[in-house]
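Residues per chain are reported as follows:
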Amino acid sequence: MKRGGRDSDRNSSEEGTAEKSKKLRTTNEHSQTCDWGNLLQDIILQVFKYLPLLDRAHASQVCRNWNQVDSSKESAEAACDILSQLVNCSLKTLGLISTARPSFMDLPKSHFISALTVVFVNSKSLSSLKIDDTPVDDPSLKVLVANNSDTLKLLKMSSCPHVSPAGILCVADQCHGLRELALNYHLLSDELLLALSSEKHVRLEHLRIDVVSENPGQTHFHTIQKSSWDAFIRHSPKVNLVMYFFLYEEEFDPFFRYEIPATHLYFGRSVSKDVLGRVGMTCPRLVELVVCANGLRPLDEELIRIAERCKNLSAIGLGECEVSCSAFVEFVKMCGGRLSQLSIMEEVLIPDQKYSLEQIHWEVSKHLGRVWFPDMMPTW
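Residues numbered from 1 in each chain as written. Predicted model: local features only at pLDDT ≥ 70, side-chain atom pairs only at ≥ 80, totals over all residues. Heavy atoms only, no water.

(A) Structural detail: the overall build of the protein chain. A count of helical and extended segments in the protein chain gives 14 helices and 12 strands. Across the 380 residues that make up the protein chain, the buried fraction comes to 44%. Restricting to contacts in the protein chain with at least 6 residues of sequence separation, those with at least 24 account for 72%. Here the protein chain has roughly 20,500 Å² of accessible surface; of this, 52% comes from carbon and sulfur atoms. (Helix = DSSP H or I, 4+ residues; strand = E, 2+ residues; numbered from the N terminus. Buried < 20%, exposed > 50% of the residue type's maximum accessible area, 1.4 Å probe, protein only. Contact = heavy atoms within 4.5 Å. Areas by Shrake-Rupley, 256 points an atom, 1.4 Å probe, with all protein chains shown as cover.)

So, in structure tokens, the structure goes:
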């Protein structure tokens, strides 16, 4: 009888253990099938509201869905509420960043300007300001200048549609210590370049210009005079002039018609052979060139011309383009070891009578002085 009792207890224990294991497996399976990254954004937003600002920033880096939630209109409103409370704070650095989309543009302009003005008025030593994709306007920039003209060194304000060329000119005229500036091409003017070239102004170190068109044929791009560029580069001979182009083919006509001091060029849309040929003729200071797409016409002559004329070129990236293997080897041979970055998709290189894809690896590596392989398109 005692043995039977022990057997009964053991069986009961085993059944309990099996039941617990079954529940555990069920819980694990549920955890594996529950994709936290795909929770409804309304639910995530409710959770995010209870997080401190720093934890919320960390959470926004977990996945794209959480990042989009943190870049929502509600998040932008929360940021403005924080700015409005900084009455007794003197900031040195301010960066308003919407990584997923420009959510600050969804806010009432007056609400955003009011919050930003609080910072500008109370911060008497603001040195770094990043306000890309925001509804900042000319009057608010005047407040910035009135209170921080002696300390401002960095200003990034790409995609700020409410700012006029006169507004940014006011900043350049008064903020003589400005060393880094980022803006859209429609704000660039001859007057701005000349203001940045005045004797009172320090030498600019970095100028980024975004040349963007949303609707083909509907955006007019003005021309900057060569004399203005010449004055600018005389004053700041070591400046990095970075230009991002997101244009349609027919909109490139005003550009690269005469020499400009560009050091870094990025073409985000398809760019023609003709334009790339003009780059080789007009950009002798070029250090980096990235072409996302060109089409099906080989860029042999254009690359050779760039190698001949652009003696400082040290980085190049080619995406959906075509270059014969012989021309590419010649390009690398002319540039030599100064090419510290050479990112070329394997599909770009067209085998010819002189080199196959297998041979080009060794030939390019020889001229670079290091092992090199073309980039491979992922197969997954």
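Following the structure, the description resumes.
(B) A look at empty space enclosed by the protein. Within the structure shown, the criterion is met by two cavities of 30 Å³ or more. Each pocket or cavity is described by its volume, and for the largest cavity that value is around 100 Å³. Tyr-185, Ile-224, Trp-229, Met-243, Pro-254, Phe-255, Phe-256, Arg-257, Tyr-258 and Ile-260 are the residues that line the largest cavity. Counted as a void, the second largest cavity has a volume near 40 Å³. (1 Å grid on protein atoms, 1.4 Å probe; cavity = no way out; pocket = protein on both sides within 12 Å on 5 of 7 lines; lining within 4 Å. Points joined across faces, edges and corners; volume = space filled by probe spheres on them.)

(C) Local environment of the pattern of salt bridges. Here the structure, examined in full by the defined rule, presents eight salt bridges. The residue Arg-278 makes a salt bridge to Asp-274 at a minimum N-O spacing of 2.7 Å. Separated by four residues within a single helix, Arg-278 and Asp-274 lie in helix H11 (residues 273-282), roughly one turn from each other. On the accessibility criterion, Arg-278 (11% relative accessible area) is buried. (Salt bridge = Lys/Arg side-chain N within 4 Å of Asp/Glu carboxyl O.)

(D) Representation of the layout of surface pockets in the model. Here the second largest pocket is characterised by a volume of approximately 250 Å³. Of all the elements, strand E5 (residues 206-212) adds the most residues to the lining of the second largest pocket, at three residues. Its residues assigned to classes, the lining of the second largest pocket shows seven nonpolar, seven polar and two charged. (Nonpolar A, V, L, I, M, F, W, Y, C, P; charged D, E, K, R; others polar.)

(E) Structural detail: the packing of helix H5 (residues 73-84) against helix H6 (residues 109-122). At a closest axis distance of 8 Å, the pairing of H5 and H6 adopts a crossing angle of 35°. Between H5 and H6 lies a crossing whose hand is left-handed. In this structure, H5 contributes Glu-77, Cys-80, Asp-81, Leu-83 and Ser-84 to the contact, and H6 contributes His-111, Phe-112, Ala-115, Val-118 and Val-119. Its residues assigned to classes, the contact of H5 with H6 comprises six nonpolar, two polar and two charged. (Axes fitted to C-alpha atoms, helices over the stretch in contact; angles between N-to-C directions. Left-handed = near helix turned anticlockwise from the far one by under 90°.)

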